Amino acid sequence: MLDLTRFETDPDHVHDVQSFAAGEWIGPDAAARDIHSAVTGQRIARAGNGALDTEAMLRHARNVGGPALRAMTFHQRAKLVKALALHLGQHKDQLYAVSFATGATQKDHLIDIDGGIGTMFVFASKGRREMPDDHVYLDGGVEQLSRNGTFLGQHICTPLQGVAVHINAFNFPVWGMLEKLAPTLLAGVPAIVKPATASCYVTELAVRFMLESGLLPDGALQLVSGGLGDMLDRLTVQDVVSFTGSAETALKLRSAPHILANSIRFIAEQDSLNASILGPDAAPGTPEFDLFIKEVTREMTTKAGQKCTAIRRIIAPDPHVPAVIDALQASLAKTTIGNPKDSATRMGALVSASQKADVLAKANQIGAEAERVFGNPDRFEVHGASAEAGAFLPPMLFHCADPDRATTVHEVEAFGPVSTVMPYRDLDHAIQLANRGHGSLVTSVITRDGDVARTVAMGAGAYHGRLYFNNRNSMGESTGHGSPLPHMVHGGPGRAGGGEEMGGVRGVMHYMQRTAIQGSPDLLTAIGRK
Ligand code: NAP
């Protein structure tokens, strides 16, 4: 168990992050990787065990966890998910305390930890309201396949009989796990969670809380801290991989011959060049203009820009570009960068020194076609921590005057507080630029004009998993450009991975098989119990 009294404060203490495999906690071995604090750079933990018995883990999930979960109805599993959320809620202070080492501020924790718990509550509620107190889910109505009605059709969904392997990115160690775990458990499928190594100590603690609650059946949840070993080569047609991370890793994993040969489901959420469009009607001086500046600033600085949905491209009407840059400069200048534990800090650190180096390299690439108009990575103030030891960066704003000729700004994602302003001539041009991300998780449009909204929906919908519209009427209650919601699908085509998560019951279906049932009415009634 992570020793909170020594973690990060005692320079001689290195936490051994464990895996939970086939009912046993297993510590790191010689194959372990070191993990450093994002804030102090000090070595705080190590994770990974080269001798992990992946076959035993898969067997345990398939033979013990799966049958126990499938014996429960959707409503029973929904109650389980709710009880887990309540239990995690009782321990969130400890999760907050540990998460600071990832560079995240208390506000960031609310997105990751409270957001993850909230997502579980929504899935629990959807399971109770929109799914039956039964084992079979009916998909759509009965189809008339015969003249006299003696032979009918119906689609049903039943749980996969394997295991879901969840591979997560470093940026949301709690939400990233829970947004996948809730629909998986609701479907009746056991999970093996593999968090990114850089922040896996937070996930480990959350997994411990859930396991110690005694709520979960044996085998329903296992954890791999460190490398996955050969696990993916041992999957079968009943298993599913849900991946969040970079396009590069996704391509490598999903194109493995074993995955392809066995048609193993692979759901990918990957990096994306999200955009925000300032509507033609949202001129400086309007509440919409101010809202746009607020949304962009928030997206650039929350989680130090390490959000898959963060705004990377700021698309504004040509005449308003100088005003947008001025307003963003003023707004970003108010970002106090520093120790995430200080309440005055608005932006903490990136997760690691290597992530900082990666962001700087990508910002340099962007700098080849765009001018940096805010933020100097060689000269910025860090409060309450060392700029040299921690993985700190300032927000960096670029201006790309010719986005038609440019390519890097549409293709290179600097996964940090980096964004580029670019001009558009007319709405069609704005749509064209937004679509040059080759598939994104989200594009937002700040407008009051219904025609603008409709034109963007028609022109950009096919390229984006989510379109977020906001204006003075909705801003008081809107949830923010960057927040994926459990009710709504999260994912995007092409570059964004081609996957979809959440979206209420839609997200549960990834872990179930849809089967067309044909037969006489009495047999259909017996199967569906309806
Ligand atoms: P990453 O390097 O691609 O890693 C993602 C996950 O894959 C980690 O758990 C990593 O484990 C694991 N992994 C890497 N190589 C593997 C292998 N050969 N076999 C099995 N697992 C392997 O991405 P990241 O640096 O953690 O995350 C940042 C990226 O994720 C950004 O590009 C961001 O845009 C994207 N992202 C997308 C979303 C979304 O929802 N679309 C959300 C968040 C982040 P280790 O850490 O142990 O290497």
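Since we're looking at a predicted model, the values are computed, not measured.

Colleague: What should I look at first to understand the site of the ligand in this one?
Modeller: Around the ligand, the surrounding shell holds 25 residues, and the nearest of these are Asn168, Thr197, Ser246, Thr249 and Glu413. One nitrogen or oxygen atom from the main chain of Asn168 is found 2.7 Å from an oxygen atom belonging to the ligand. Within the contact set of the ligand, an oxygen atom lies 3.3 Å away from a backbone nitrogen or oxygen of Gly245. In the complex, the protein chains occlude 83% of the 900 Å² of accessible area that the ligand would expose alone. Elements with a contribution of two residues or more to the shell around the ligand: strand 11 (240-245), helix 7 (247-254) and strand 12 (265-270). The class makeup of the residues in the shell around the ligand is 10 nonpolar, nine polar and six charged. When we break the shell around the ligand down by domain, the ones giving at least three residues each are domain 1 (15-271 + 501-528) and domain 2 (275-481).

Colleague: Could you clarify how one ought to interpret the side chain of His464 in this entry?
Modeller: You can see His464 is positioned in strand 19 (residues 464-470). In this structure the side chain of His464 is engaged in a polar contact, spanning 2.9 Å, whose partner is the side chain of Thr443. If near-sequence neighbours (up to four positions away) are discounted, His464 is found in contact with Ala434, Asn435, Ser440, Val442, Thr443 and Pro493.

Colleague: Where do I start with the pairing of strand 19 in this structure?
Modeller: Two faces belong to every sheet, and in a regular strand the side chains alternate between them. Bridge count for strand 18 (residues 440-446) against strand 19 is six bridges, and the pairing is parallel. Note that in strand 19 the partner of Thr443 across the bridge is Leu467.

Colleague: Would you mind showing me how to read helix 14 (residues 450-460) here?
Modeller: One turn of the α-helix equals 3.6 residues, which is why residues spaced by three or four share an orientation. All of the buried residues along helix 14 are Val452, Val456 and Ala460. An end-on view of helix 14 places all buried positions within 30 degrees of arc, on one side of the element. Along helix 14, exposed side chains directed more than 90 degrees from the buried face belong to Gly450, Asp451, Arg454 and Met458. Along its buried surface, helix 14 packs onto helix 13 (427-435), strand 18 and strand 19. Measuring from the backbone nitrogen of Asp451 back to the side-chain oxygen at the start of helix 14 gives 2.8 Å, which picks out Asp449 as the cap.

Colleague: Where do I start with the domain arrangement of the protein chain in this structure?
Modeller: How large an interface is tends to be reported as the accessible area lost when its parts come together. For the protein chain, the assigned domains are domain 1 (15-271 + 501-528) and domain 2 (275-481). One C-alpha centre belongs to domain 1, the other to domain 2, and the line joining them spans 31 Å. Listed as interface residues are 20 residues of domain 1 and, on the opposing side, 25 residues of domain 2. When domain 1 packs against domain 2, the two sides together hide about 1700 Å² of surface, and 64% of this comes from carbon and sulfur. In terms of surface lost to domain 2, no three residues of domain 1 exceed Val39, Phe170 and Asn171, which account for 30% of the buried area on that side. If you look at where domain 1 meets domain 2, you find zero salt bridges.

Rules of the game
Residues numbered from 1 in each chain as written. Predicted model: local features only at pLDDT ≥ 70, side-chain atom pairs only at ≥ 80, totals over all residues. Heavy atoms only, no water. Near = heavy atom within 4 Å. Polar contact = N/O pair within 3.5 Å; in protein donor to acceptor, adjacent residues only side chain to side chain. Areas by Shrake-Rupley, 256 points an atom, 1.4 Å probe, with all protein chains shown as cover. Helix = DSSP H or I, 4+ residues; strand = E, 2+ residues; numbered from the N terminus. Nonpolar A, V, L, I, M, F, W, Y, C, P; charged D, E, K, R; others polar. Domains from an automatic or database assignment. Contact = heavy atoms within 4.5 Å. Pairing = 2+ DSSP bridges. Buried < 20%, exposed > 50% of the residue type's maximum accessible area, 1.4 Å probe, protein only. Arc of directions from axis to C-beta. Buried area = accessible area lost by both parts, 1.4 Å probe. Salt bridge = Lys/Arg side-chain N within 4 Å of Asp/Glu carboxyl O.

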